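Listed here are the chains, written in short residue letters.
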Amino acid sequence: MAKGAHLARAERLQGATGALATAAMAAMEEKLPWFAKLSAQDRSWIGLVAQSGISAFVEWFRDPDAHSSMPTRIFGSAPREFTRVISLHQTVDLVRTTIETIENTIGTLLPPADVPIVHEAIQRYAREVAFAAATVYAQAAEMRGAWDARLEALLVDSVIRGEADESVRSRASALGWTGAAGTTGAAEVAVVVGRAPAAEPAEARNADSNVADLVRHAAREAGADALCAVQGDRLVVVLGGTSKPVEIVQKLAPWFGPGPIVVGPVVKDLMSAVTSARAAVAGLRAAVAWPGAPRPVPADELLPERSLSGDGHARRQLANEVYGPLTVGDGVLLDTVSAYLDSGGSIEATARAMFIHANTVRYRLKRVADITGYNPLNPRDSFTLRVALTLGRLLNPEPGSTVL
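Here is what the cut-offs are and how they apply
Residue indices follow the written sequence of each chain, beginning from 1 at its first position. Only residues with pLDDT of at least 70 get local features here, since the model is predicted, and only at 80 or more are side-chain atom pairs given and counted; chain-wide, interface and lining totals rely on the full set of residues. Note that the side-chain values use all heavy atoms of the structure and ignore hydrogens as well as water. Secondary structure counts use DSSP, requiring at least four H or I residues in a row for a helix and at least two E residues in a row for a strand, with both numbered from the N terminus. A helix is expected to span 1.5 Å for every residue after the first. Each residue gets one of three labels from its accessible area relative to the maximum for its type: buried under 20%, exposed over 50%, partly exposed in between, using a 1.4 Å probe on protein chains only. Whether two strands pair depends on DSSP finding at least two bridges between them. In this description, contact between two residues means that some pair of their heavy atoms is separated by no more than 4.5 Å. Only buried residues count toward a nonpolar core, which is a set of Ala, Val, Leu, Ile, Met, Phe, Trp, Tyr and Cys residues joined through side-chain atoms within 4.5 Å.

1. Focus: helix H11 (residues 273-286)
So, point 1. Spanning 14 residues, H11 covers 20 Å between terminal C-alpha atoms, matching the ideal 20 Å at 1.5 Å per step.
So, point 2. Three or more residues of H11 are buried, namely Ala-273, Ser-276, Ala-277, Ala-279, Ala-280, Ala-282, Gly-283, Leu-284 and Ala-286.

2. Observations regarding the sheet that holds strand S3 (residues 234-240)
So, point 1. Strand order across the open sheet formed by five strands is S2-S3-S1-S4-S5, with mixed pairing between neighbours. Since the sheet does not close on itself, it has two edges, and those belong to strand S2 (225-231) and strand S5 (297-298), each with one partner.
So, point 2. Pairing geometry for strand S1 (residues 189-195) and strand S4 (residues 261-263), over three bridges, is antiparallel. Across the sheet, residue Val-193 finds its bridge partner in S4, namely Val-262.

3. A closer look at the environment of Leu-385
So, point 1. Positionally, Leu-385 belongs in helix H17 (residues 379-395).
So, point 2. For Leu-385, a relative accessible area of 0% corresponds to the buried category.
So, point 3. Put simply, Leu-385 and Val-368 are 17 residues apart on the chain and 9.8 Å apart in space, counted from C-alpha to C-alpha.
So, point 4. Residues contacting Leu-385, with those up to four places away along its chain left out, are Val-322, Val-337, Leu-341, Val-368, Thr-372, Tyr-374, Asn-375 and Pro-376.

4. So, the nonpolar core
So, point 1. In terms of nonpolar packing, the biggest core is built from 24 residues, with Val-156, Val-159, Val-189, Val-191, Val-238 and Val-262 touching the most fellow members.
So, point 2. Those elements giving two or more residues to this core turn out to be helix H7 (115-161), S1, S2, S3 and H11.
So, point 3. The leading source of residues in this core is H11, at five residues.
So, point 4. Dropping the residues within four chain positions of it, Val-238 is found in contact with Val-156, Val-159, Trp-177, Val-189, Ala-190, Val-191, Asp-225, Ala-226, Leu-227 and Leu-270.

Spelled out as structure tokens, the structure:
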């Protein structure tokens, strides 16, 4: 008898579904200001979901055990774009409005004896629908996250390969890249390369995603944009919106694996980032030759090691920017720094060899530092000058000329 009464109650509830769906849509129009701003197609999809939810409730109410998965299936009638049209918060508003409408309307559509039982069932069902909505949005977020990660990896690879074009700029923008929202308000870009943090094979995929998320968050906290990708054992970060990338990278260093972190030179925009990437990659390859290098280290501070490892760009940079300026004029600065290096870094010995006063040597060496940016009195800088002079003589440029 009890089962027959329950089925009869379910039939009466089935007959009220049309009126309940109509009342729910009217309540959405009245109580949710954003609902009226949606397109007619989007509103129709939402109405379809609401009607599907009410019909699913009736089926679940008829036999909860046989239809235990019904609450998780009510969003199946909505397209995948549903999660892009309205937010999870708005979905919760829709569910709440629909449930409140049913509770307020059911008393006029069913006999009084049915109302308490249906109310209790609605409360149970609403909880399951809330979980179902959360699951739908979680799955959508995971799919978008996976797609964004793949897109970001492709963008970083394009930068490394030198294939950046306007499409790269637009795709980067879709990932939240502004390139000019940094601490200086400038659009400068620099590429950073280091070792990726170690991860177990089974955890590698999730670890890559987590590292990228952590690096992006840390970069935003420091006032810069970031695109990030793990390429094998290498972690590549493209920083934007800062003219002082080394300061930013000091805050990102904990997310890199052990070993050197090389910061490429600052370039004007994302389209020119291949220049920075090329220097950073070459610097990472050559950094092993300078065990005492700071972490992070600018790629331009690794010019000697990069030159010795076969980096033609570094060789030309040393020949053009260090050796070349010293050949201009009468070449007295070149002769002085050469004599100083040949004497083992002794000012007095240099003065005796050149038959000049020691103070003259000091003055000329200071001029060398001003012109090249490398101080001969500093051991590291003197090594760079030695390599630059050797390369300049090998490439044999004319005084003041440029090596191509």
